[in-house]
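Single-letter residue listing:
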Amino acid sequence: MQYSSIASVLENISDAFLSLDREWRITYVNSKALKLLGRTSDELIGRHICAALGRKNMYPFFTKYQEAVTTGRTVVFEAFDTLNNVWAKVRAVPCPEGLMIFCRDISDKKCLCRLNETLNNIRKLSIQATDVDEFIQAVIDQMAQGMNCDAATGCTYQHNVWQLNYAYNLAPSIIGKPVSEKLLAHLMEAVFRRQPVEFSIAELPERQIIFEDSDSFDPGATVAVPLFVKESPLGCIIFHTSAAGFSKGQLEFVERACEYIQPLLTNVSLALRDKKHLATFKAILDQVPIGIALFDTRLRYTQVNKWIASRMNFIPEKLIGRTIREVFTEVFGKEYAEQRVAICRKALETGETFSISAWRPSGTDFDLDWNLKRIEVDGVAVGLLQTAIDVSNYIHMQNQLENYQERLEQLVEERTGELSRANDRFYTAFYASPSIMSIYDSRGKVVDVNNSFVKTSGWSREELIGYSVLERGICDAKLGRGLWKEFWQVGYIHNREIVFYTKDGQTRISLLSAEKIILDGQPHMLSLTTDVTEIKLMEKEMLRLDRLNLVGQMAAGISHEVRNPMTTVRGFLQMLQRKPECQQYREYFGLMISELDRANSIISEFLSVAKTKQSSTNEADLNDIIRAMEPLLTTDAIAAGKNITLDLGEIDRLKLNEKEIRQLLLNLVRNGLDAMTKDGSVTIRTYQKEGQVVLAVQDEGTGIPLNIMEKLGTPFLTSKENGTGLGLAICYGIAERHNAKLTVSTSSEGTTFFLCFQE
C-alpha cells in the first residue's frame, strides 16, 4: 500500500520523474517521463540509464548525476536532449537507494528566450553584409543555433532551377546538388503559402544525399522557410531535427524569424545590388576618357570622376557635397564662378543643353569642350549632367593642319590633275579603242564596256553593266563557262576563236584575249576581242575566187582547144545532113548537132564565169529589164505549173549591163522554180533601202541545206540532177562586176537572194 501511494503521487506531479539505483539502473519512471523520453517502461526499467537513453546523448546529463551522488547534494541544471530534441530543467536528488531525477520540458521557453538574441544578431549581420550568399548562410547558422536545430540546408531558385547552395552542420559536398521533384513540391508549397511548411524528409531522395556523411544524426522532421526579395522567390531554408519533431517553441521561433528576415533580406539584396551598381558606375566613370560630373538641384557635386577632378587639382571625394560656386570660385575665380552658376540654373529651369567649345580656364594649358544637360526622372528635374572633353591635342593638330592646309591643297590639286589626266588617257584609250574591250568582276558580271563593244553587240552600256554575257545571250553558255573556268585557273587567254551573238541575232566571229587585273583590290578580267568576221568572209570569198580562177583557166583552154574542132564537126554534120544519100540518118545528125550545141552552151557558161574584164554598162532602169523578161519567166513558170509575182518599187536608175542582169535574173528565177513544188510562187521584188537599190528573188521551197549553204557559189556545186553547178557562180561574178553584193537568207519556208547595188 505504501508503494502504491508513492507511485500515485509520482504519477500526478507536474514533472517527469525517474529513479536510479546505485548501479545507475532505472528502477521507476512515471508516465510524464515516458512521454518526454519517447520510451516504454519495458525499454527502460532495469537498464543502465546510458544504455537506455544513449551514451552520447546522456553525457551532459550523466556528469551532473555523478556530481549529485558524489557530493550528496541536490544538483539543478539545464541541458539539451539531442535525441528527443528537448531542453530540460533537471533536479538530481541523491537518496539512500540511489538517485531521484525530476525533469521539466523548458524547450519552448528556452527557444523563445533565444529568439530576440538571434534576431538581433541577424540584424547586425544585415548591416555588415557584403554578399547576399554570405548573409543567407549567416541567417541559417544563427537560426539553427538559436532553435537548437541539428542540421540545416538552403536552396536557391535561379533560372527556374532549384539546387542546394548552403549547409549547416553538414558536409560541404552537398553544395550544388539538385533538388528532387518530391522535395520541390514541399518547397513550392512554402513559397506559395509564403510561410514555413513542416514535413518529413525520411522518405525523400535528399535523405541519402544530405546525410550520407552523417553517422550521428538520423533526421525525421523538416521545416522549410521561404525566402523572398520583394515579391520574387529567392529560395528556401530547410531545418532538420530528429524523429521527435519540432517543438511548439521551435515552430514559433521559425515563424517569427521568417517574418523578421524577409524585409532584411530584401534590404540587403537591394542595398548590395545598389552598392554594386554604384561601384560599377564609379569604376566606369573613372575609366572613361572624358570628364563627367553630376549635380543635384542645389548645384552640389554628387558624383565626379577622376578625369574632371584632376583638371581642377582635386580628388573626387573632396568635391562631393560642395557647390559649383564654392569650387569654381576657389579654382577659377568669383567672376567665372557666377557665370557658371547662372548657366547651371538656366539649364535646370529650361531643360536646354548648354555647350562651350575650346574653353581654356585661366592659368591652365588645356582646352575643354563641355556640355551641360538637365537630368529628369518621370519628367521632374533631379540634377545636372556635365561632360567635358580635353581637345588640346585636337586644337594643336588643327593649328598644324591649318599651317599645312594650303600646301596640301596645292599638292592635292596637282595630284588630282595628274590623276585626272591619267584617268582621261585611260578612259579615252579604253572607250575609243577599235578593239572590243570589256571588264568583268570575279562573278562574271560586266563592270564596263567600251564603245566598240556597244556598237558591235547592239546592247547599250546600261543594258550590259551588272549582267553576265550569258544572261544577255552574247556567248554560248557551254563555251562561256568553259572559257571562264580556264581563265581563272590559268590567269589568261590568248587569241581564242569564239562566236558571239549581237542583240539583233547576228553571228560574229572573233579572237578573244583576256588578262587578270586588280581593281579596287579585287581580281577582275580585262577582255579584248577582235572581230574577224569580215576576214573570215574575205577568206571564204578568196577561196571562191580561186575556184572561179580555176574555172576561168579551164574555160580558156576549152575555148581554144575544144570549141574550134567542135565548130568544124558541126559544119560537116550540117553538110552531110543535106545530102540525099544521108537522109536516112537525118535524125541522128540532128541529135549530134543538138548535143554539140549543148556542149557549146556549157563552154559559153565557163567563159561567162571566167570573165574578169569590166563589162560595159549603161544607165538603165532595173524595173524595165524585169518587166521585159516577165513573159519569158512566166512562160517557164506556167510550163512547170508554178507562178511568177512582181513587186516592183520606186528605185533609182543604175549603170547596168542589161545582158548580164538578164542572165543573173534568169538563173535566180529558174533556181527558185526548181526548188518549189507545184503551185509554188517566185516573187521578184525591188526596193530602195538606206540609199541602195535591192533586187530580191524569193521562192517558197524547203530551203537550202546547211552543207550546201556553207559552200554556196562554188563552181560545179549543185543539188540538181542535170545541173552544171555554174549558175550561182555566174551570178556571183555578175554581182562583183556590178559592184554589188549577193547575199542569201534561207529557212524551211523558202529562200531569198538579195542583190544590193552599192551607191
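For the structure, see preceding data.
I will try to describe carefully the structure that is included in this document.

What counts as what
Residues numbered from 1 in each chain as written. Predicted model: local features only at pLDDT ≥ 70, side-chain atom pairs only at ≥ 80, totals over all residues. Heavy atoms only, no water. Helix = DSSP H or I, 4+ residues; strand = E, 2+ residues; numbered from the N terminus. Expected span 1.5 Å × (residues − 1). Buried < 20%, exposed > 50% of the residue type's maximum accessible area, 1.4 Å probe, protein only. Core = buried A, V, L, I, M, F, W, Y, C linked by side-chain atoms within 4.5 Å. Contact = heavy atoms within 4.5 Å. Pairing = 2+ DSSP bridges. Axes fitted to C-alpha atoms, helices over the stretch in contact; angles between N-to-C directions. Polar contact = N/O pair within 3.5 Å; in protein donor to acceptor, adjacent residues only side chain to side chain. Parallel < 35°, antiparallel > 145°, perpendicular 65-115°, else oblique. Left-handed = near helix turned anticlockwise from the far one by under 90°. Nonpolar A, V, L, I, M, F, W, Y, C, P; charged D, E, K, R; others polar. Patch = residues over 30% accessible without salt bridge, like charges linked within 9 Å, V, L, I, M, F, W, Y side chains within 5 Å. Areas by Shrake-Rupley, 256 points an atom, 1.4 Å probe, with all protein chains shown as cover. Salt bridge = Lys/Arg side-chain N within 4 Å of Asp/Glu carboxyl O. Lys, Arg positive; Asp, Glu negative; His and termini not counted. Charge placed at Lys NZ, Arg CZ, Asp CG, Glu CD. Phe/Tyr/Trp six-rings, centres within 6.5 Å; stacked < 30°, edge-to-face > 60°. Lys NZ or Arg CZ within 6 Å of the ring centre and 35° of its normal.

Examining helix H6 (residues 107–128)
Then, in step 1: The end-to-end C-alpha distance of H6, which contains 22 residues, comes to 31 Å, matching closely the 32 Å that a straight helix rising 1.5 Å per residue would cover.
Then, in step 2: Within H6, burial applies to Ser107, Cys111, Leu115, Thr118, Leu119, Ile122 and Ser126.

Examining the nonpolar core
Then, in step 1: Leu622, Leu665 and Phe757 are the most contacted members of the largest nonpolar core, which has 38 residues in total.
Then, in step 2: Elements represented by at least two residues in this core include exactly helix H22 (622–639), strand S23 (654–656), helix H23 (658–675), strand S24 (681–689), strand S25 (692–698), helix H25 (727–737), strand S26 (740–747) and strand S27 (750–757).
Then, in step 3: Considering every element that reaches this core, the biggest residue donor is H23, with seven residues.
Then, in step 4: Discounting residues that sit within four places of it in the chain, Leu665 has contacts with Ile626, Met629, Leu633, Ile684, Leu695 and Val697.
Then, in step 5: Ile136, Tyr166, Phe246 and Leu272 belong to the second-largest nonpolar core, a separate cluster that totals 34 residues.

Thoughts on the sheet that holds strand S4 (residues 86–95)
Then, in step 1: Taken in spatial order, the five strands make up an open sheet running S2-S1-S5-S4-S3, and their pairing is antiparallel. Looking at the sheet topology across the chains shown, the edges are occupied by strand S2 (26–29) and strand S3 (75–81). Across the sheet, the axes of successive neighbouring strands diverge by a mean angle of 25 degrees, strand direction being ignored.
Then, in step 2: In this structure, S4 lies alongside strand S5 (residues 98–105), joined through eight bridges in antiparallel fashion. Bridge pairing links Lys89 to Arg104 in S5.
Then, in step 3: Sitting on the sheet, helix H5 (residues 55–71) touches S3, S4 and S5, and the angle it makes with S3 is about 170 degrees.
Then, in step 4: Running at roughly 125 degrees to S4, H6 makes contact with S3, S4 and S5 of the sheet.

Structural notes on the pairing of strand S19 (residues 507–519)
Then, in step 1: The pairing of strand S18 (residues 492–501) with S19 spans eight bridges and is classified as antiparallel. Bridge pairing links Ile493 to Ala514 in S19.
Then, in step 2: Taking the residues that link successive antiparallel strands as the turn, the S18-S19 hairpin has five residues, and the phi of Gly505 there is positive, at about 95 degrees.
Then, in step 3: Inspection of the sheet shows S19 paired to strand S20 (residues 522–531) by ten bridges, in the antiparallel sense. Within the sheet, the bridge partner assigned to Leu512 lies in S20 and is Thr529.
Then, in step 4: Between S19 and S20, which follow one another and run antiparallel, lie two residues, and Asp520 among them has a positive phi close to 55 degrees.

Points about the side chain of His524
Then, in step 1: In this fold, His524 is placed in strand S20.
Then, in step 2: A distance of 2.9 Å separates a polar side-chain atom of His524 from the backbone oxygen of Gln522.
Then, in step 3: When near neighbours in sequence (up to four residues on either side) are disregarded, His524 contacts Ile439, Tyr440, Asp441, Val447, Phe487, Trp488, Glu515, Lys516, Ile517 and Leu519.

Looking at the packing of H6 against helix H7 (residues 132–146)
Then, in step 1: Orientation of H6 relative to H7, taken along the N-to-C sense of each, is 165 degrees, at an axis distance of 9 Å. What the angle tells us is that H6 and H7 run roughly antiparallel. The handedness of the crossing between H6 and H7 is right-handed. The segment H6 lies against H7, with Cys111, Arg114, Thr118, Asn121, Ile122, Leu125 and Ser126 engaging Phe135, Ala138, Val139, Gln142, Met143, Gln145 and Gly146.
Then, in step 2: Across the contact of H6 with H7, the residue classes tally to seven nonpolar, six polar and one charged.

Re a negative patch on the surface
Then, in step 1: Side chains of Glu406, Glu409, Glu413 and Glu414 sit close together on the surface and give a patch of like negative charge.
Then, in step 2: In this structure, Glu413 sits in helix H15 (residues 392–432).

Regarding a nonpolar patch on the surface
Then, in step 1: Judged by side-chain polarity, Val377, Val380 and Val382 come together as a nonpolar surface patch covering roughly 230 Å² of accessible area.
Then, in step 2: Within the secondary structure layout, Val382 lies in strand S15 (residues 380–390).
Then, in step 3: Relative accessible area serves as the criterion here: at 39%, Val382 is assigned to the partly exposed category.

Some details on the packing of aromatic side chains
Then, in step 1: Counting across every chain of the model gives nine aromatic pairs.
Then, in step 2: With 4.9 Å between their ring centres and 50 degrees between their planes, Phe17 and Phe102 make a pair best called tilted. Here Phe102 lies in strand S5 and Phe17 lies in strand S1 (residues 16–21), a separation of 85 residues in the sequence.
Then, in step 3: Overall, Phe17 belongs to the buried group, its relative accessible area being 3%.
Then, in step 4: Accessibility expressed as a relative area gives 16% for Phe102, which makes it buried.
Then, in step 5: Three or more aromatic residues link up through ring pairs in this structure, and these residues are Phe17, Tyr28 and Phe102.
Then, in step 6: One residue, Arg91, lies across the ring of Phe102, its end atom 4.7 Å from the ring centre.
Then, in step 7: If you follow Arg472 out to its NZ or CZ, it ends over the ring of Tyr467, 4.0 Å from the centre.

Structural notes on the sheet that holds strand S8 (residues 197–200)
Then, in step 1: Across the sheet, five strands lie side by side as S7-S6-S10-S9-S8; this open sheet has antiparallel pairing. Looking along the sheet, the strands with just one partner apiece sit at the ends: strand S7 (161–168) and S8. Averaged over all adjacent pairs, the angle separating strand axes in this sheet is 25 degrees, with direction ignored.

Describing the pairing of S8
Then, in step 1: Where burial is concerned, the two faces of S8 differ: the one with Val197 and Phe199 is buried and the one with Glu198 and Ser200 is not.
Then, in step 2: Of the pairings in the sheet, the one linking S8 to strand S9 (residues 221–229) comprises four bridges and is antiparallel in character. Residue pairing across strands places Glu198 opposite Val223, the latter belonging to S9.

A look at the side chain of Ser468
Then, in step 1: Of note, Ser468 is situated in the loop between helix H17 (461–464) and helix H18 (477–490).
Then, in step 2: Sequence-distant contacts of Ser468, defined by excluding residues within four places in its chain, comprise Gly444 and Lys445.

Some words on the packing of helix H13 (residues 324–332) against helix H14 (residues 334–350)
Then, in step 1: Between H13 and H14, the least distance of the axes is 7 Å, while the angle of their chain directions is 150 degrees. Accordingly, the angle class assigned to the pair H13 and H14 is roughly antiparallel. By crossing handedness, the relation of H13 to H14 is classed as right-handed. Together, Ile324, Arg325, Phe328, Thr329 and Phe332 of H13 and Lys334, Tyr336, Ala337, Glu338, Arg340, Val341, Cys344 and Arg345 of H14 make up the contact between the two elements.

Everything listed here is a matter of coordinates, which is why it stays silent on function.
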